[in-house]
Amino acid sequence: MGNIAQFPISVGGGLDLISTTQEMNQKPGFARQLINFESALTGGYRRISGYEKLGGISAASVGGETTQVLGLYPYADGVVACIEEDIYFSTDGTSWLQINKDLSAGGNGTALAAASAVTRTNQGRCTFVHYEGNTPHGELLVLDGTNDIFYIKFVGDGVGRVYYTNEIDYVATAVPQAQWGTVFKDHVILVGDPTEPDTIFWSNAFEPTNFTGGTSGFIQVPDIITGVVSWRDKLIVFGKNSISEIVDINGQVSLQSISRNIGCISGWTIQEIGGDIVWLAPDGLRNIAGTAKIDDIELSSISRNISPIINNLINQFDNYTITSMVIRSKNQYRLYYIDEDAIATTGTKQYGIIGTYKMSQEGLRWEWSETLGIHPYSTTSIINESLADTFNKSEVILHGGLDGYVYLHDSGNSFNGDNIDATYEVPELDYGDIGTKKTLHWVDTFFVVEGANTSINMYVSYDFGSSSTMQPNTYKISDLLALAVYDDALFDSAEFSSTARAVSRVRVEGSGYSHSIKITSFSSESAFSISNMYIRFYTGKPL
């Protein structure tokens, strides 16, 4: 008779693609595959929600354009979007007002509509600098590294709103045609002018469009600049091969080196999350963090567990369009990399990366997973009371697609009608004894359900999927029903007295020296979380 044994798995830790099988047996909650799942702040892995189409951006506000949405940014209780040679504004994501107009003297909506358009020839991917100032919505600069900077200021709301929009002439005002920017100590900071890629410019204090005043200036760095960020009273400049700090911008300005052998591959990867700066370096994702020591800076590598993914991204970087974003409510950093040619020619789904910065028993750590089938060209995340009421969400997450449409994230259970393909794979387990055969009896999986889900499958494979070992068929998990809420649950679609938590017991077959378990879902049904697993098995001769 065999010996009975149990093995609990506390699900958590994210992807680990570098540890050995022996090491993974010590941390079985980590995953060998984790696609379209996110590490939930409350524990376990949650299948991500979907996204849905809002509206196409065009002058007529109907349909979509057959081109990419070049940029999105929250402004004036709405969102600014760039597409083709134009710039638009919307408060609901469906009706769009064209604002790349010459209205420097200000005017109402009628005057804006009648004003002549300012064509932005060959407009590239756009970034934005938001100077808060002393106006209700602040002033917004649109940068694309090709055209003159476009200036936007809205005063008031609704029918009483006054618009100021105009292109800032490069020659007349000496404003660089920048790609990246930020605000630092009352100055607008600009970098990435294609004709001066090693120069950082700053405006006159309190004057975001004046680059010829007494407190404006510039300084060169010994590198090609790939981004700039204002962080903890510091102005950090990223180069291809270095990181520097601009010191005393209002006095004897100077350049102070932070690193001469760590750079930034792309400014499209730079984000601030949890008080730290994250970016893609030539050796992986890194962060800049403050330490307990005043004015000290720590540079850390944070993507070691997913090195194979990051190395592949870096090696094929020129093939991808990169965009990144932060979802503050989830403490998440998301990096999307898409091959536009592959999408256009074969429809191949593209991957992305989710990093969740969360507390664990070992302290704060990054937990990683992948996305599959989300193809943003631009992204933004908005915490705004007006938009929260419009979309019924505290944080509004949007992405601009390759088709001229804007999409609302964390809405619905599909990718705009396409099923969400999700996979969680437990590492190969031998329980510290690869020489003894184990016969599995059952696997209990603890779920947190957000609605009915009947499309979850479980796969058990033995001995690394060896063809010389009998492998069992697929097991279907079909007992996750919708939570029954009084006066809301529908007859025959919800189970009386059911709860948001469910335990599914799957009686499994087969035996091997080691085994792995994979849970998959390919559906447009409700999201669910996996919090724990419990495996019962026998060693030696089975019962």
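Conventions we followed
Residues numbered from 1 in each chain as written. Predicted model: local features only at pLDDT ≥ 70, side-chain atom pairs only at ≥ 80, totals over all residues. Heavy atoms only, no water. Pairing = 2+ DSSP bridges. Helix = DSSP H or I, 4+ residues; strand = E, 2+ residues; numbered from the N terminus. Axes fitted to C-alpha atoms, helices over the stretch in contact; angles between N-to-C directions. Core = buried A, V, L, I, M, F, W, Y, C linked by side-chain atoms within 4.5 Å. Buried < 20%, exposed > 50% of the residue type's maximum accessible area, 1.4 Å probe, protein only. Contact = heavy atoms within 4.5 Å. Salt bridge = Lys/Arg side-chain N within 4 Å of Asp/Glu carboxyl O. Phe/Tyr/Trp six-rings, centres within 6.5 Å; stacked < 30°, edge-to-face > 60°. Lys, Arg positive; Asp, Glu negative; His and termini not counted.

J.: I tried to follow the sheet that holds strand E20 (residues 234-239) on my own but got confused; where do I start?
T.: Paired through backbone hydrogen bonds, the strands of a sheet run either parallel or antiparallel to each other. Strand order in the open sheet formed by 4 strands is E19-E20-E21-E22, with antiparallel pairing between adjacent strands. Strands at the two margins of the open sheet, each flanked by one partner only, are strand E19 (225-231) and strand E22 (254-259). Strand after strand, the sheet turns through a mean of 25° between neighbouring axes, direction not considered.

J.: Explain the nonpolar core to me, please; I cannot follow it from the model alone.
T.: Generally speaking, a soluble globular protein has its nonpolar side chains buried in company with each other. Ranked by internal contacts, the top residues of the largest apolar core, which has 56 residues, are Tyr424, Met458, Met533 and Ile535. Looking at this core element by element, the count peaks at 5 residues for strand E41 (residues 528-539). Every residue in contact with Met458, bar those within four places of it in the chain, is listed here: Val443, Thr445, Thr474, Tyr475, Ile477, Val506, Ile517, Lys518, Ile519 and Met533. Ranked by size, the runner-up nonpolar core spans 21 residues in total, among them Tyr75, Cys82, Leu103 and Val142.

J.: Before we go on, may I ask you to explain the pattern of salt bridges in this structure?
T.: A side chain with one charge may pair with a side chain of the opposite charge, provided their charged atoms come close. Summed over the entire model, instances satisfying the criterion amount to 16 salt bridges. With its nearest N and O atoms 4.0 Å apart, the salt bridge here joins Lys185 to Asp233. Separated by 48 residues along the polypeptide, Lys185 in the loop between strand E15 (180-184) and strand E16 (187-191) and Asp233 in the loop between E19 and E20 bring together distant segments of the chain. Residue Lys185 is classed as partly exposed on the basis of its relative accessible area, which comes to 41%. Salt bridges sharing partners connect three or more residues here, namely Glu38, Arg46, Lys330, Arg334, Asp410 and Glu450.

J.: Teacher, can you tell me more about the packing of aromatic side chains here?
T.: Aromatic ring pairs: the centre-centre distance and the angle between the two ring planes describe each pair. Applying the stated criterion to the full structure yields 17 aromatic pairs. When the ring of Tyr320 is compared with that of Tyr337, the centres are 5.1 Å apart and the planes differ by 75°; the resulting orientation is edge-to-face. Of this pair, Tyr320 sits in the loop between helix H4 (307-315) and strand E27 (321-327) while Tyr337 sits in strand E28 (residues 332-338), and the two are 17 residues apart along the sequence. With respect to burial, Tyr320 and Tyr337 carry one shared label: buried. Seen from their ring centres, Phe447 and Phe528 are 5.9 Å apart, and the 65° between their planes marks the pair as edge-to-face.

J.: Sorry if this is basic, but what is going on with unusual backbone geometry here?
T.: At Asn36, a position not held by glycine, the phi torsion is positive, near 60°. The topology assignment puts Asn36 in the loop between strand E2 (33-35) and strand E3 (37-39). When its relative accessible area of 0% is taken as the criterion, Asn36 is described as buried.

J.: Got a minute to help me understand the environment of Thr215 in this structure?
T.: By the element assignment, Thr215 lies in the loop between strand E17 (199-202) and strand E18 (217-220). For Thr215, a relative accessible area of 38% puts it in the partly exposed group. Each C-alpha atom of the pair Thr215 and Phe528 lies 55 Å from the other, and the pair is 313 residues apart in sequence.

J.: Whenever I open this one, the pairing of E28 confuses me. Can you help?
T.: For a regular strand, side-chain orientation follows a simple rule: the groups alternate between the two sheet faces. Burial analysis of E28 places 7 of its 7 residues in the buried class, the great majority of the element. Here E28 shows a buried face lined by Gln332, Arg334, Tyr336 and Ile338 and a second buried face lined by Tyr333, Leu335 and Tyr337. Sheet analysis places E27 next to E28, joined by 7 bridges and oriented antiparallel. Along E28, the bridge assignment pairs Ser324 with Leu335. In textbook terms, the turn of a hairpin is the stretch between consecutive antiparallel strands, and for E27 and E28 this stretch comprises 4 residues, one of which, Asn331, has a positive phi near 55°. Both E28 and strand E29 (residues 351-360) contribute to a ladder of 5 bridges, which runs antiparallel. Bridged to Leu335 within E29 is Ile353.

J.: Just checking my understanding: could you explain the sheet that holds E18 for this structure?
T.: Taken in spatial order, the 4 strands make up an open sheet running E15-E16-E17-E18, and their pairing is antiparallel. Each edge of the sheet is formed by a strand with only one pairing partner; in this case those strands are E15 and E18. Pairs of neighbouring strands in the sheet enclose a mean axial angle of 20°, with direction left out of account.

J.: Before we go on, may I ask you to explain the side chain of Asp86 in this structure?
T.: If you trace the backbone, Asp86 turns up in strand E8 (residues 86-90). One buried charged residue, Asp86, forms no salt bridge at all, with the nearest opposite charge on Arg120 at 8.1 Å. In this structure Asp86 touches Ala81, Gln98, Asn100 and Gln123, once residues within four positions along its chain are discounted.

Note that all results are geometric; they support no functional claim without further evidence.
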